[in-house]
Amino acid sequence: MQLLNGTACSQKIRQEIALEVEAIVAAGKRPPHLAAVLVGDDGASQNYVGMKVRDCEEVGFGSTMVRMKASTTEAELLAKIDELNSNDAIDGFIVQLPLPSQINENNVILAIDPKKDVDGFCPENVGNLSLGLPTFVPATPNGIMELLRRYEIETEGKHCVVLGRSNIVGTPIAVLMSRNTNPGNATVTLAHSRTKNLKALCASADILIVAIGRTEFLTADMVKDGAVVIDVGQTRVPDNTRKSGFRNVGDVDFEQVKDKCSYITFVTGGVGPMTRASLLQNTLKAYQRR
Ligand code: NAP
C-alpha cells in the first residue's frame with residue numbers, strides 16, 4: 001500500500017505557484033488577488049476561509065477577506081458580489097458555503113462573474129467542464145485529478161466508482177474521470193443513496209472515490225484487492241483529547257481498508273490540502289486570463 005501524500009504534493013504545487021508569482025512581481029506587475037466572502041460565524045467556515053487567505057499570503061498573492069454578519073440579506077450579499085465582479089484589482093473570489101438560510105445559494109452562484117468564479121460553481125463553468133472546454137474545475141475534483149496525475153496512477157480503462165453525486169465533488173469528478181484525458185478514460189459509475197447493491201458495486205471498482213459525509217462508511221468488504229481509494233469525506237466528531245475539541249473522520253475505515261489498497265489517501269493530509277492548492281491554481285489562472 002502506498003499512501004497518497006496530499007500535503008507533500010500540495011506543497012510542491014504551492015512552490016511552483018510561488019515561483020510564478022515571483023516572476024510576475026519581478027516583471028513589475030501586481031500579483032494575483034483572491035477575495036473570500038464569509039457570511040456569518042460558522043466555526044468550520046471561518047476556519048476554511050482563514051486557511052484560504054493564509055495560503056494566498058504564503059504564495060505571494062494578494063487577498064481580501066470580506067466578512068458579513070449572519071443576518072445579511074440576499075440583496076446585501078448580491079450587492080457585494082456586484083462590487084467584487086467589477087473590482088479590477090480582484091482576479092477571482094469565492095463565497096464560502098453554506099450560507100445562512102435566508103440566502104438562496106443558487107442566486108448567489110448565478111450572480112458571480114464566470115471569469116472570477118474560481119470555485120467553478122456557476123453554470124457557464126459547469127457547462128464548460130462537461131464539454132471539455134477551458135474552465136475553472138472545482139477545487140476538490142481538481143485536487144484529486146492532480147494527485148492521480150502526480151502519482152502517475154493508471155486510470156485508463158479502469159472501473160471507477162464515485163460515491164456521492166454532489167455538485168462540488170461527486171458529479172464533477174465523475175465527469176473528469178470519464179473524459180478522454182490522462183488521468184481519465186475510466187469507466188465511471190456514479191453511486192448515491194438510492195444505488196442498489198452498493199457493496200458489490202464498490203467491490204468491483206479499481207478506483208473508489210468516496211464523498212458522502214458518512215464516517216468510516218467504506219469497509220474492507222467493499223474494497224477489491226489492489227484498489228485505489230480516495231477518501232474525500234471530512235466529518236468533525238467531538239474529541240476531548242484534542243485542543244480543538246474535535247477531530248476529522250473520513251468516509252473510509254482507513255485501518256480496515258488500507259492493507260487491501262494499492263494507493264489510499266488518509267482523511268488528514270490527503271484530499272484537503274490538494275483542494276486548497278487547487279484554489280490557488282484557479283486564482284492564478286483567473287489572473288493569467290485577464
Ligand atoms: P453532500 O452534498 O453532503 O452529498 C452527499 C452525497 O452522498 C449525496 O449525493 C448522497 O446521495 C450521497 N450519500 C449519502 N449517504 C449515502 C449512502 N449511505 N450511500 C451512498 N451515497 C450516499 O456531498 P459533498 O458536499 O460532496 O460532501 C461529501 C463529504 O466530502 C463531506 O464529508 C464533506 O465534508 C467532504 N468534503 C471534503 C472536501 C475536502 O477538501 N476534503 C471538500 C468537499 C467536501 P443523495 O444525492 O442520494 O442524497
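Structure: above.
Quantities reported herein were computed from a predicted structural model and do not represent experimental measurements.

Calculation criteria
Residues numbered from 1 in each chain as written. Predicted model: local features only at pLDDT ≥ 70, side-chain atom pairs only at ≥ 80, totals over all residues. Heavy atoms only, no water. Pairing = 2+ DSSP bridges. Helix = DSSP H or I, 4+ residues; strand = E, 2+ residues; numbered from the N terminus. Axes fitted to C-alpha atoms, helices over the stretch in contact; angles between N-to-C directions. Parallel < 35°, antiparallel > 145°, perpendicular 65-115°, else oblique. Contact = heavy atoms within 4.5 Å. Nonpolar A, V, L, I, M, F, W, Y, C, P; charged D, E, K, R; others polar. Buried < 20%, exposed > 50% of the residue type's maximum accessible area, 1.4 Å probe, protein only. Polar contact = N/O pair within 3.5 Å; in protein donor to acceptor, adjacent residues only side chain to side chain. Near = heavy atom within 4 Å. Areas by Shrake-Rupley, 256 points an atom, 1.4 Å probe, with all protein chains shown as cover.

Draft legend 1. Expanded view of the sheet that holds strand E8 (residues 227-231). Judged by pairing direction, the sheet is parallel, and its six strands sit side by side in the order E1-E11-E8-E7-E5-E6 without closing on themselves. In the strand order of this sheet, the two ends are held by strand E1 (2-3) and strand E6 (187-191), each with one partner. Both strand E5 (residues 159-163) and strand E7 (residues 207-210) contribute to a ladder of four bridges, which runs parallel. By the bridge assignment, Cys 160 is partnered in E7 with Ile 207.

Draft legend 2. Region of the structure containing the packing of helix H1 (residues 6-26) against helix H2 (residues 43-59). Two numbers describe how H1 lies on H2: the axes approach to 8 Å, and their chain directions differ by 55 degrees. By the criterion of interaxial angle, the relationship of H1 to H2 is oblique. Residues Gln 11, Arg 14, Ile 17, Ala 18 and Val 21 of H1 touch H2, and the partners they reach there are Asp 55, Glu 58 and Val 59. Its residues assigned to classes, the contact of H1 with H2 shows four nonpolar, one polar and three charged.

Draft legend 3. Spotlight on the sheet that holds strand E2 (residues 33-39). Read from one edge of the open sheet, three strands run E3-E2-E4, paired in parallel fashion. The outermost strands of the open sheet, each flanked by one partner alone, are strand E3 (62-68) and strand E4 (92-95). Strand-to-strand twist across the sheet, computed as the mean angle between neighbouring axes with direction ignored, equals 15 degrees. Strand direction decides the pairing type here: E2 and E3, joined by seven bridges, are parallel. Bridge pairing in E3 links Val 39 to Met 68. Across the sheet, H2 touches E2, E3 and E4, and the angle it forms with E3 is around 160 degrees. Helix H3 (residues 74-86) rests against E2, E3 and E4 of the sheet, and its axis sits at about 165 degrees to E4.

Draft legend 4. Highlighting the side chain of Thr 265. The topology assignment puts Thr 265 in the loop between strand E11 (261-264) and helix H10 (271-289). Looking at Thr 265, the relative accessible area reads 1%, which means it is buried. Engagement of the side chain of Thr 265 in a polar contact is seen with the backbone nitrogen of Asp 231, the distance being 2.8 Å.

Draft legend 5. Seen up close, the site of the ligand. Within the structure, the ligand sits among 21 residues, and Arg 165, Ser 166, Ser 193, Gln 234 and Thr 275 are positioned closest to it. At a separation of 2.7 Å, an oxygen atom of the ligand approaches a polar side-chain atom of Arg 165. Note that an oxygen atom of the ligand is positioned 2.9 Å from one of the side-chain N or O atoms of Thr 275. Across the complex, the protein chains shield 72% of the 930 Å² of accessible surface that the ligand would expose by itself. Examining the composition of the shell around the ligand, we find that three residues originate from one element, H10, more than from any other. Residue classes in the shell around the ligand are distributed as eight nonpolar, eleven polar and two charged.

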